[in-house]
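This is what each chain is made of:
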There are 2 protein chains.
Amino acid sequence: MADKNQIIDLANRIYNLDEKVYEATGSNLGRIYHGDKNKCINDLVELISSEANSSILRSELALISNMARTIKNNPVLHKKIMKEYGSIFDEAMAIQESIEGGDIINPEIAELNMSNLENRFGKDDNLIICIGRSYGCAGTDIGFKLADKLRISYYDVSIVNEILQRNEEHEETDRALFQTKVKRTPAQWWRDFKKYHGLSRADVEFFNTSRKLVELAKQESFVIMGRYAENILTRNHIPHISIFITAPRKLRIQRTYQISKEKLTYKQAAKYVMKEDRAHLRRYAFYTGKKWGEADNYDMTINSASYGIDGSVDLIMRIVAKNRAHEG
Amino acid sequence: MADKNQIIDLANRIYNLDEKVYEATGSNLGRIYHGDKNKCINDLVELISSEANSSILRSELALISNMARTIKNNPVLHKKIMKEYGSIFDEAMAIQESIEGGDIINPEIAELNMSNLENRFGKDDNLIICIGRSYGCAGTDIGFKLADKLRISYYDVSIVNEILQRNEEHEETDRALFQTKVKRTPAQWWRDFKKYHGLSRADVEFFNTSRKLVELAKQESFVIMGRYAENILTRNHIPHISIFITAPRKLRIQRTYQISKEKLTYKQAAKYVMKEDRAHLRRYAFYTGKKWGEADNYDMTINSASYGIDGSVDLIMRIVAKNRAHEG
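Note that the coordinates shown come from a computational prediction; the quantities given were computed from them, not determined experimentally.

Engineer: Any chance you could explain the relation of the copies chain B and chain A here in plain terms?
Structural biologist: Both copies of the chain are related by a screw-like operation: a rotation about an axis and a shift along it. The transform that puts chain B on chain A rotates by 180° and translates by 0.0 Å along the axis, for an RMSD of 0.1 Å. What we have between these two chains is a two-fold relation. In terms of C-alpha distance to the rotation axis, chain B has T301 of chain B as its closest residue, with the C-alpha 2.3 Å off the axis. Most of the interface of chain B is mirrored in chain A, where 100% of its interface residues again form contacts.

Printed below as a string of structure tokens:
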């Protein structure tokens, strides 16, 4: 906690800065602090020491600095004033933080968020990017191009299932399980039922995928599409970045319609996209207990309509690139 | 559209690459294409030319390249294979794009999204960052620090209102209107009613804010908090970046409780955060017709619990910084 003298000194410096800025700009917006100087400084001292009104002090500081930035005709004075402002700003923030406390960061989440970890991960650690996406937003294209640009592996549902099928530790039954279109005889069904304790195919797929994902994450860097990967990795304490990609529904329907090349009518495309959205919501809630696509379940959410496919790839590269240099 | 020969050639190259990768790795996952070579290539030709199954081709290519990346003991071969893969990848993508068509980008939105505009904006254009945020996520702190780091102005509700109040073109009545706590006499109320065609105070504030924002956007770069700014600027065709910041509700409640220093009980903090969320939703829907906080209304959404205050500032700086260098 700052002592009284420090606060009084700061109040004086803020008052003087305001005066200097006013003189330099002669702005029609006038000064922040006018009237009796002593009263102004007393008010400021109270404001700085107050637990409740930190946002008022910040607004006042912001007003002074906004104004100071308009000083264009005297670069030397401008620089001097901005320097004094910067020093006041830092001190005020430090005092307020000592009063207020409290960043929003969740250490547990942040620990798993790779783009937040400056020096924590060595060169040998794997970069894992989990991408969720809504139907028709080109999320798959973005994920695929991203993996290619980063020169890391790309996994989606068909690749993960392919790997699970090929995996020698998997038995015949598993293989059949993953060919979701294959009908099982009653005998096969009963065998599967006993083997998987009555779990549904979807559940078995979920558990197998979870196990495989955790295994892969220890071996290599990759982009993984869907598969509740961010949830699985978080539960297994494996660092990753989670991104959700979406776009306004109207555009997603349009794109679905275009890509279908008149195999779907516009109305059918709309129906399909909405059905997919509902199914995603339902499945995600079932396996994670969370709301699919809701911003606070991911590190970041991107509107692909704002950036396009290449723009989105580029954006994610910028987010990821800072801490990491990847080799092919 | 690619001609038949080009597609056959590409199919052969993909088949050969798969073979080469298999020989180099001897992976237990085996080859993608096995059995009769001619049949494989015919299947591939069909896959490449098919409108419907582009995702299958991509999955197969991804499997080959994932595997190729595991070649570690022969860097020369690895490099050669990855080069061939890159060339195949580009050609396959070009063919598929000519068949499929359709990026997701919305030219209208993208035109207004500054971080997507590589060379379009000159040095003199203003950088405008609109930040929406949920209560308790530290969004205000992030916006404020961001403006300071970028050395651009910071506007929030109190500053915008302050400016509107100070503006000399505003008359007495406007000033009174913005002191929302001030009670008006029936005579004042009637005068305001006539002047503003019966609009509510909130509506007058909205229209005045809109006008002021558009004016400011022509003059300078800034960070603007809330105020439906992304919506106002989009409607006025003014380039900007729109970001929504949020965090899991539980953390926002915790932070609100902590900051209140026991002036609120945890239960009261929870109630307050939920009340604020509801009010935000309601107001945003009223003035914009859109759903507050929904990912597709913004260019990007950030979970501040993943990054913390400084991490979020840093992240936004990375997104913005590429195209722009700002002076104080």
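Engineer: How do you make sense of the packing of helix α7 (residues 157–166) of chain B against helix α10 (residues 201–219) of chain B when you look at a structure like this?
Structural biologist: Relative placement of two packed helices is described by the angle separating their axes and the distance separating the axes. All names here are of chain B. Viewed as axis vectors pointing N to C, α7 and α10 meet at an angle of 85°, and their least axial separation amounts to 11 Å. Judged on the interaxial angle alone, α10 and α7 are roughly perpendicular. Here V157, V160, N161, I163 and L164 of α7 come into contact with α10, specifically with E205, N208, T209, R211 and K212. Considering only residue class, the contact of α7 with α10 consists of 4 nonpolar, 3 polar and 3 charged.

Engineer: Help me understand the confidence of the model for chain A in this model?
Structural biologist: Close reading of the predicted structure is inappropriate where its pLDDT is low. Residues and elements named next belong to chain A. The predicted model of chain A has a mean per-residue pLDDT of 81, with 79% of residues at 70 or higher. The least confident element of chain A is helix α8 (residues 172–178), whose mean pLDDT is 46; the most confident is strand β1 (residues 128–133), at 95. Note on residues 117–121: pLDDT is under 50 here. Beyond four places in sequence and across chains, it has 10 contacts. In this model residues 168–181 is a low-confidence stretch, pLDDT under 50, and it forms 30 contacts with partners more than four residues away in sequence or in other chains. In the predicted complex, the global pTM is 0.75; the interface-specific ipTM is 0.73.

Engineer: Would you mind going over the pairing of β1 of chain A with me for this structure?
Structural biologist: If a strand is regular, its side chains alternate between the two faces of the sheet. Residues and elements named next belong to chain A. Summarising burial for β1: 5 of the 6 residues are buried, a large majority. Examined bridge by bridge, β1 and strand β3 (residues 222–225) share 4 bridges and lie parallel to one another. Residue I131 lies in a different strand from β3, and its bridge partner there is M225. Across 5 bridges, the pairing between β1 and strand β4 (residues 241–246) is parallel.

The rules behind the values
Residues numbered from 1 in each chain as written. Chains lettered and ligands numbered in written order. Predicted model: local features only at pLDDT ≥ 70, side-chain atom pairs only at ≥ 80, totals over all residues. Heavy atoms only, no water. Least-squares fit on C-alpha atoms with pLDDT ≥ 70 in both. Contact = heavy atoms within 4.5 Å. Axes fitted to C-alpha atoms, helices over the stretch in contact; angles between N-to-C directions. Helix = DSSP H or I, 4+ residues; strand = E, 2+ residues; numbered from the N terminus. Parallel < 35°, antiparallel > 145°, perpendicular 65-115°, else oblique. Nonpolar A, V, L, I, M, F, W, Y, C, P; charged D, E, K, R; others polar. pLDDT = per-residue confidence, 0-100. Buried < 20%, exposed > 50% of the residue type's maximum accessible area, 1.4 Å probe, protein only. Pairing = 2+ DSSP bridges.

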